[in-house]
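Working through the structure, step by step
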Amino acid sequence: MGRLLASGNVSTLAVAPESGAGPDDSASSPSPPSSPRRVVTGSLIALCLSAALVAIAFVSSGSVDQTTATTGNTWTEIVLTLLGAGAIAAAVLSGGRKRGRAWGAGTVGLMAALAALTALSILWSVVPDTSWSAANQMLSYLGAFAGAAALARLAPRRWAVLLGSIALAAVAISAWALLAKVFPATLAPDNVVGRLQAPFGYWNAVGVVGAVGLPACLWAGARRDRGRRLAGLAAPGITLALSAVVLSSSRSADAAAAVMFAAWMAFVPLRLRSAVVLAVGGAGAAVISAWALSHSALTADGPLTSATDSAGHTFGVVLLVVLVLVAAAGMACAWAMDHVAVSAATRRRAGTVLVALACLIPVAAVGALATSSRGLTGQITHAWDSLTSTNAVVFNNPGRVLEFGSSRPMYWHQGLDVGQHALFKGVGALGYGTARLRFTTNRYASAQAHSYVIQTFADLGLLGIAITFALLLAWVRAALRPIAPRTRERSLTDDQRDERAGMVALALIVIGFGIESTLDWTWYFPGVSVPVLLCAGWLIGRGPLAAPVGSLRSRRSLLDRPGAVAIAAAVAVIALAGAWMQWLPQRSADQVNDSVNAASNAQAFANARAAISSDPLALEPRFALAELYQSVNDVPAARGELTDAVDTQPENPATWAQLGGLELQARQPQQALAALRHVIELDHTPDPATTTAAAQITQAQAAIAAAKAATAKRSAARVSSRRRSRARAQAEKQATPRAAGARRPR
């Protein structure tokens, strides 16, 4: 890393001939221009790919945070799986001889192992249907990751297309999030939170998308081979992305953005260009953010009002004016960077200033802590206590970014408790949300642990953690190959220098997302994760920077290469089988809906049974069929369906709650009490399920007591009746001799 840091001077502005600048820091020897046809093709591919990434964000925004499958999620997963398999098969079949080794194959294998473990966890999961959904998503993520690695082999020179697509997609999503504030009544009428949410419905997802778009925008603005066009567009792109980060009030996204900015300036010798583009774009973001934060109608929680709509329209005018000014300033700065000569001495002085400013930030922070009322150590202790407190309450106001406390430690502690009770293999993928109920009495509900690491430990245990860290180490090793940190800039060609800057941008996108997902659950949003997986996969597939990569056209027929054909066929079969499994939960959900909306009982029963056949692990089809049986007074059949649901998910309190409710309606309080007590055993939180179960337990106990009282009353009545009968019989027996004696003659 040291050689990369010291590999060039600071400036990449135009250099005067007398400056004696080396090839690494001069724009006087740009890369040879690409052919117009290649540029047009690359632009079209970038536009199509960015449109696809934006579409993923919109159609699959809720991801697995839903109780049933959705059409958007399902088809996103199927398409990603099939496209990834297609790319892999194409890479295998494209040539008999490859340049270089099969770079990244081991990393892809570890990703496949993680996907396989996710699927296997269905066998022991507390919620196997949800684990099935997690396995489906993981298979699609594997397709994106492995497919990108294959594309790096097929078209290694198209790395700029990928980066440009990431930049366009991130800027477009950030723009939409801001636009939802401009027209709230039209685009976000149900939004009651002041932070940016569209299109994901979750503010931290918006923030991290803006953050991961920043390295791509910096790369676009600082490139030496595109000049004014890209720099002029990069500046407003940075304005939109950075505004989304700020107005989402996401502290994890803020941390990711800060790390990415610092690393870009440290490792990419395009510092002056980057600083100029960042300054122009950041100034625009500062104006937009300051205006929005100063108007509570835009940032305060609460239902939509006419004042909110009016403030949004004014905000739109501010947004438009700022973007126009930033674009003009960006174009002007790009022109200056291409035409103004800067001497080597000036570049060194500018570099010294930038490094000094960067170093002053932590120094100033330490000084502020030292002069505070608590002192340096006291402030650190206070910050740590706030950060780890499970009782911290933080509101959605903009000032939250300066606070350390949050609700995450509470979720993390619950995740650790779940993992410790299933140490080796966990409770099954996405089982945390259900398993945590027995380990906490906190009323705050969360289906995710808000940390990829904690969630993996709870869901997949130490086995999942081991595979994850092996995957991380393998990825880091593979990603360093195209970055070539030990290679000096001067020893690279112009194309290699440009590509290394692009590879650094790709790596920073992955690292920034890794930082954010360590503190949150955005991993489960395909609109956030898929672009990052494409970057990660490309890096491992590229191989060493100086090595030729790609497939050479083979003169051998496929008939002479049975091994390649067999591998491609196996990949195709696995992908098709996976796509079928991804579709089945959606098919089951559709059949449940058809059952609810059926015109006749016969059709409703047929659809419900078909839904169970499509997804035998799901609860909704069995609940729907049990309700149908109840509607025709077939209580034994309804009981049988709910008993099957309990057998399928015995550690899920929802199944016992349904069975207990049925038994109570069927006037079987003893059986109801036994089922409802399982609800209380499996769920210690004061949620609606336990509240309802407690009320039903009271009702069942009252029914049992009433039944016992009635039984006792009937028993007493029978005893009393027998006593009266015996008394009458005895009286009659005693009266009979006297009567006989009275009739005897004297």
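Quick notes on the rules
Residue numbers run consecutively from 1 along every chain, following the written order of its sequence. Note on the predicted model: pLDDT of at least 70 is required for a residue's local features to be given, and 80 or more for side-chain atom pairs to be given and counted; whole-chain, interface and lining totals, by contrast, use all residues. Side-chain measures were taken over the full set of non-hydrogen atoms in the model, leaving aside hydrogen atoms and water. Secondary structure counts use DSSP, requiring at least four H or I residues in a row for a helix and at least two E residues in a row for a strand, with both numbered from the N terminus. Only heavy atoms enter the contact rule, under which two residues are in contact if any of them lie within 4.5 Å. For the accessible areas, the method is Shrake-Rupley and the probe is 1.4 Å, while residue cover comes only from the protein chains on display. Pairing of N or O atoms within 3.5 Å defines a polar contact, subject to two protein rules: one partner must be a possible hydrogen donor and the other a possible acceptor, and residues neighboring in sequence count only if both atoms are side-chain atoms. Note on geometry: axes are lines fitted to C-alpha atoms, helical ones only across the stretch in contact, with angles between N-to-C directions running from 0 to 180 degrees. When describing relative orientation, an angle under 35 degrees is termed roughly parallel and one over 145 degrees roughly antiparallel, while 65 to 115 degrees is termed roughly perpendicular and anything else oblique. The classification of residues rests on relative accessible area computed with a 1.4 Å probe and restricted to protein chains. Under 20% of the type maximum is buried, over 50% is exposed, and intermediate values are partly exposed. Pairing of aromatic rings covers Phe, Tyr and Trp, the last through its six-membered ring, and needs centres within 6.5 Å; plane angles under 30 degrees mean stacked, over 60 mean edge-to-face, and all others mean tilted. Whether a charge sits over a ring comes down to the Lys NZ or Arg CZ being within 6 Å of the ring centre and within 35 degrees of the ring normal. The term salt bridge refers to a side-chain nitrogen of Lys or Arg lying within 4 Å of a carboxyl oxygen of Asp or Glu. Left-handed is the label given to a crossing in which the near helix is rotated counterclockwise from the far helix by less than a right angle, and right-handed is the label when the rotation is clockwise. For this scheme, ten residues count as nonpolar: Ala, Val, Leu, Ile, Met, Phe, Trp, Tyr, Cys and Pro. Four count as charged, namely Asp, Glu, Lys and Arg, and the remainder, Gly too, count as polar.

1. Points about the overall build of the protein
When you go through the protein residue by residue, the secondary structure sums to 27 helices and two strands. Taking as baseline every contact in the protein between residues at least 6 positions apart, the subset at least 24 positions apart corresponds to 75%. When the accessible surface of the protein is summed, it comes to about 34100 Å², and 64% of that surface belongs to carbon and sulfur atoms.

2. Let's talk about the side chain of S252
Topologically, S252 is positioned in helix α10 (residues 251–267). At a separation of 3.3 Å, a polar atom in the side chain of S252 contacts the side chain of S250. Setting aside residues no more than four positions away along its own chain, S252 makes contact with N204, E516, L519 and D520.

3. Comments concerning the packing of helix α4 (residues 105–120) against helix α18 (residues 452–483)
As a packed pair, α4 and α18 sit with axes 8 Å apart at the nearest point and diverge in direction by 170°. As far as their axial angle goes, α18 and α4 are roughly antiparallel. The residues of α18 that touch α4, namely those facing T107, L110, M111, A113, L114, L117 and T118, are Y452, L460, L463, G464, I467, T468, A470, L471, A474, W475 and A478.

4. Section: the environment of A149
Tracing the backbone through its elements, the reader meets A149 in helix α5 (residues 128–154). According to the relative accessible area criterion, A149 is buried, its value standing at 8%. Once residues lying within four places of it in the same chain are set aside, the contact partners of A149 are V108, G537, W538, I540 and G541.

5. What to know about the packing of aromatic side chains
Enumeration over the complete set of coordinates arrives at 12 aromatic pairs. With 5.4 Å between their ring centres and 70° between their planes, Y452 and W523 make a pair best called edge-to-face. In this pair, Y452 is assigned in helix α18 and W523 in the loop between α19 (494–518) and α20 (526–542), connecting sequence segments 71 residues apart. Stacked on the ring of Y444, the Lys or Arg R443 has its end atom at 4.4 Å from the ring centre.

6. A short note on the pattern of salt bridges
What the rule picks out here adds up to eight salt bridges. Between E651 and R438 there is a salt bridge whose closest N-O contact spans 3.5 Å. Taken as a pair, E651 in the loop between α24 (635–648) and α25 (653–665) and R438 in the loop between α17 (432–435) and α18 lie far apart in primary sequence, 213 residues in all. The partly exposed category is assigned to E651, whose relative accessible area is 36%. The salt bridge involving R622 is made with E641; its shortest N-O contact spans 3.5 Å. Of this pair, R622 sits in helix α23 (residues 620–631) while E641 sits in helix α24, and the two are 19 residues apart along the sequence. You'll find R622 and E641 in the same group, each marked buried.

7. Remarks on the packing of helix α6 (residues 159–182) against helix α8 (residues 203–222)
Where α6 meets α8, the axes come as close as 8 Å, and the angle between the chain directions of the two elements is 140°. Taken together, the axes of α6 and α8 lie oblique to each other. Helix-helix and strand crossings are classified by hand; for α6 and α8 the assignment is left-handed. Contacts between α6 and α8 involve W159, A160, L163, G164, I166, A167, A170, V171, I173, S174 and A177 from the former and V206, V209, G210, V212, G213, A216, C217 and W219 from the latter. A breakdown of the residues in the contact of α6 with α8 according to their chemical character gives 15 nonpolar, four polar and no charged.

8. What about the environment of V565?
Examined against the element boundaries, V565 turns out to sit in helix α21 (residues 562–596). Separated by 476 residues in the primary sequence, V565 and A89 have C-alpha atoms spaced 8.6 Å apart. Excluding residues within four positions of it along the chain, V565 makes contact with L93 and L558.

9. Here's the deal with the side chain of S121
Secondary-structure assignment places S121 in the loop between α4 and α5. Reaching out from S121, the side chain makes a polar contact with the backbone nitrogen of A429 at a distance of 3.1 Å. Apart from residues lying up to four places away in sequence, S121 is in contact with S131, G428, A429 and L460.

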